[in-house]
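Structural description and commentary
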Amino acid sequence: MKTVVFGANNRMYDKGTGVFYDVIQSPDIEYYCFFPQGKETKQHAIAFSNKVTKYVPRFIKKRWYYKVLKHEYLRKCKRDEEIMFVFSMYKMEDEHYFDNFLSFLKSYYVNAKFVYYSFDIACTWHHVTPEYVKKNFDLVLTFDQADAKEYGFEFYEGIYSKVPNIEEKAKEQGESSDIMFIGADKGKFPLLFDIFKYLSDAGKKCDFRLVSVENETIESLKKEYECIPYNQGIRLLYKGSTFTLNDYCPYYKTLAVIGGAKCMLDVPLGSQCGSTIRLQEAITYGKKLITNLQEVKDKPYYVAENFMIFDKVEDIDVDFIDKPYVDNPYNFSPLKMITYAKSKLYK
């Protein structure tokens, strides 16, 4: 049975650097970036546009899809062959025009099974609904227990591949900190800034990087703290720590920042109750984690010595950062997820 995985053009899917590294390295699984960046993007947008393909006969669409995707292995597959297609775009709403392609695959490969793994909680979906996803996929997996319960999805702990040698990358790029955070604002800035000041005042070197911060917030910071222009954004300097705002950080750089940190910080959205990408990175790369996600204590990967769980900023034990990490054999390899999906669909 063949397994085909479709990812997206998100930074965490870059070949050799992210979530599906294990899959890309596997000779038994076909991986494809569903919408690659660069000059091929327009080709894909046209070929997969619902407006363009709505009235196009299937045999013509087949030629388009194969030509654009360069899927020689699909050409060779027989119509009745067993294939498991795994769709795992980071933000499904950005890829909503793949609908006709999905319909084509379902009509042509009559014995195929379709899996969707969601990286986002359902309340962030804008162009699709949980009902649409459930209707069009044989198995929907989510890392979020609340979504699994509310929408009838299958809960799965999370997926992430370990990329080798990130400590060496950190040394090459001069990355070093006691604690790091990288993410999008989404209303988190006030809490993150309080944590940043609290740890910096305690003598810890923080490296925080936040994007999608409103201009009003940035202008307010400039009036009160020392800030300098930094690439596309600004960098706030405070007691040996740095807080970078609105500067895009490619994922290979994120890995170097992780590699050079003693500890990581994770502050998920208030409604989220599943393992986040920061949490998965911490466990994968052997980093201690400070988090306000209380559900961590009930997880199979929980090792008390490696987690500092807080309610209030002042509850954070600063000495925790320098205590030794306890080895944790748990891993989030997407190969495990694929095996799990097969066990559910092919009993």
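This write-up is about the structure you can find in this document. Quantities reported herein were computed from a predicted structural model and do not represent experimental measurements. (Residues numbered from 1 in each chain as written. Predicted model: local features only at pLDDT ≥ 70, side-chain atom pairs only at ≥ 80, totals over all residues. Heavy atoms only, no water.)

Regarding the overall build of the protein
What counts, and what does not: Only DSSP runs of H or I reaching four residues or more are called helices, and only runs of E reaching two or more are called strands; each is numbered from the N terminus. Throughout this description, buried means an accessible area under 20% of the type-specific maximum (1.4 Å probe, protein chains only), exposed means over 50%, and partly exposed covers the range between. Note on contacts: a residue pair is in contact if any heavy atoms of the two residues lie within 4.5 Å. In these tables, accessible area is a Shrake-Rupley quantity obtained with a 1.4 Å probe, and a residue counts as shielded only by the protein chains included in the view.
Broken down by element type, the protein carries 14 helices and 14 strands. Scored against the burial criterion, the 347 residues of the protein give a buried share of 54%. Within the protein, contacts between residues separated by at least 24 positions form 72% of all contacts whose residues are at least 6 apart in sequence. Summed over all atoms, the accessible surface of the protein reaches about 16,200 Å², with 48% contributed by carbon and sulfur.

Some details on the sheet that holds strand β10 (residues 233-238)
The strands that make up a sheet pair up through hydrogen bonds in the backbone, lying either parallel or antiparallel. Here is the rule we go by: Strand pairing is assigned whenever DSSP identifies at least 2 bridges connecting the two strands. To obtain each axis, a line is fitted to C-alpha atoms, and for helices this fit is confined to the stretch in contact; angles are then taken between N-to-C directions over 0 to 180 degrees.
Spatially, the eight strands line up as an open sheet ordered β9-β10-β11-β8-β7-β12-β13-β14, and their pairing is mixed. The two strands at the open ends of the sheet, each matched to only one other strand, are β9 (227-230) and β14 (307-309). Each strand of the sheet is rotated relative to its neighbour by a mean of 20°, with strand direction disregarded. Sheet analysis places β9 next to β10, joined by four bridges and oriented antiparallel. Residue pairing in the sheet places C227 in a bridge with L236 of β10. Seen against the sheet, helix α11 (residues 215-224) touches β9, β10 and β11 (241-245) and runs at an angle of roughly 35° to β10.

Section: the pairing of strand β3 (residues 83-87)
With respect to burial, β3 is a largely interior element, five of its five residues being buried. The alternating pattern of β3 places I83, F85 and F87 on one face and M84 and V86 on the opposite face, and all of these are buried. Judged from the five bridges that link them, strand β1 (residues 2-7) and β3 form a sheet pairing that is parallel. Paired with V4 across the bridge in β3 is F85.

Observations regarding the sheet that holds strand β5 (residues 139-142)
Strand order in the open sheet formed by six strands is β2-β1-β3-β4-β5-β6, with parallel pairing between adjacent strands. Because the sheet does not close on itself, it has two edges, and the strands there are β2 (29-33) and β6 (154-155).

Here's the deal with the environment of K297
With respect to the helices and strands, the residue K297 is situated in the loop between β13 (288-291) and β14. Each C-alpha atom, one on K297 and one on F307, is 8.8 Å from the other, the two residues being 10 residues apart in sequence. Not counting residues within four places of it along the chain, the set of residues in contact with K297 comprises Y302 and I309.

A word on the pattern of salt bridges
As a reminder of what qualifies: For salt bridges, the criterion is a side-chain nitrogen of Lys or Arg within 4 Å of an Asp or Glu carboxyl oxygen.
Taken as a whole, this structure holds 12 salt bridges when the rule is applied. D178 is the partner of K262 in a salt bridge, and the nearest nitrogen-oxygen pair spans 3.4 Å. On the criterion of sequence distance, the pair formed by K262 in strand β12 (residues 261-266) and D178 in strand β7 (residues 177-184) is long-range, its members being 84 residues apart. By relative accessible area, D178 is classed as buried at 12%.

Remarks on the packing of helix α9 (residues 166-173) against helix α12 (residues 251-259)
The line we're drawing: Throughout this description, any angle smaller than 35 degrees is read as roughly parallel, any larger than 145 degrees as roughly antiparallel, any in the 65 to 115 degree range as roughly perpendicular, and the remainder as oblique. Residues are sorted three ways: Asp, Glu, Lys and Arg are charged, Ala, Val, Leu, Ile, Met, Phe, Trp, Tyr, Cys and Pro are nonpolar, and all the rest, Gly among them, are polar.
Two elements in contact, α9 and α12, have axes separated by 7 Å at closest approach and are oriented at 95°. In terms of orientation, α9 and α12 fall into the roughly perpendicular class. Here α9 contributes I166, E167, K169, A170 and Q173 to the contact with α12, which in turn contributes Y252, K253, L255, A256, I258 and G259. A per-class count over the contact of α9 with α12 returns six nonpolar, two polar and three charged.

Some points on the pairing of β5
To be explicit about the condition: By definition, the crossover connecting two strands over a helix is right-handed if that path, from the first strand to the second, turns clockwise as seen with the strands pointing away from the viewer.
Covered by surrounding structure in β5 are L139 and L141 together with V140 and T142, the residues of both alternating faces. Across four bridges, strand β4 (residues 113-118) lies against β5 in parallel orientation. The partner of V115 across the bridge, within β5, is L139. For the crossover that starts at β4, traverses helix α7 (residues 130-136) and ends in the parallel β5, the hand is right-handed. Following the backbone out of β5, through helix α8 (residues 145-151) and into the adjacent parallel β6, one traces a crossover that is right-handed.

Some words on the packing of aromatic side chains
For clarity, the threshold we go by: Any pair of Phe, Tyr and Trp rings, taking the six-membered ring for Trp, is counted once the centres come within 6.5 Å. Such a pair is stacked with planes under 30 degrees apart, edge-to-face with planes over 60 apart, and tilted for the rest. The rule is short: NZ of Lys or CZ of Arg within 6 Å of the ring centre and within 35 degrees of the ring normal puts a charge over the ring.
Tallied over the entire structure, the rule returns 28 aromatic pairs. A centroid spacing of 6.2 Å and a plane angle of 45° characterise the contact between F193 and F243, whose relative ring orientation is tilted. A residue pair is termed long-range when its members are at least 10 positions apart, and F193 in helix α10 (residues 189-201) and F243 in strand β11 qualify at 50 residues. Considered together, F193 and F243 belong to a single accessibility category, that of buried residues. For the pair Y330 and F332, a centre-to-centre distance of 5.0 Å together with 65° between the ring planes defines the contact as edge-to-face. A residue is classified by how much of its surface remains accessible, and F332, at 2% relative accessible area, is buried. Positioned above the aromatic ring of Y108, the side-chain terminus of R79 is 4.8 Å from the ring centre.

Thoughts on the environment of M1
If you trace the backbone, M1 turns up in the segment before β1. A relative accessible area of 44% means that M1 is categorised as partly exposed. The sequence separation of M1 and K342 amounts to 341 residues, and the corresponding C-alpha distance is 9.9 Å. Beyond its immediate stretch of four places on either side in the chain, M1 contacts E82, I83, M84, K342 and Y346.

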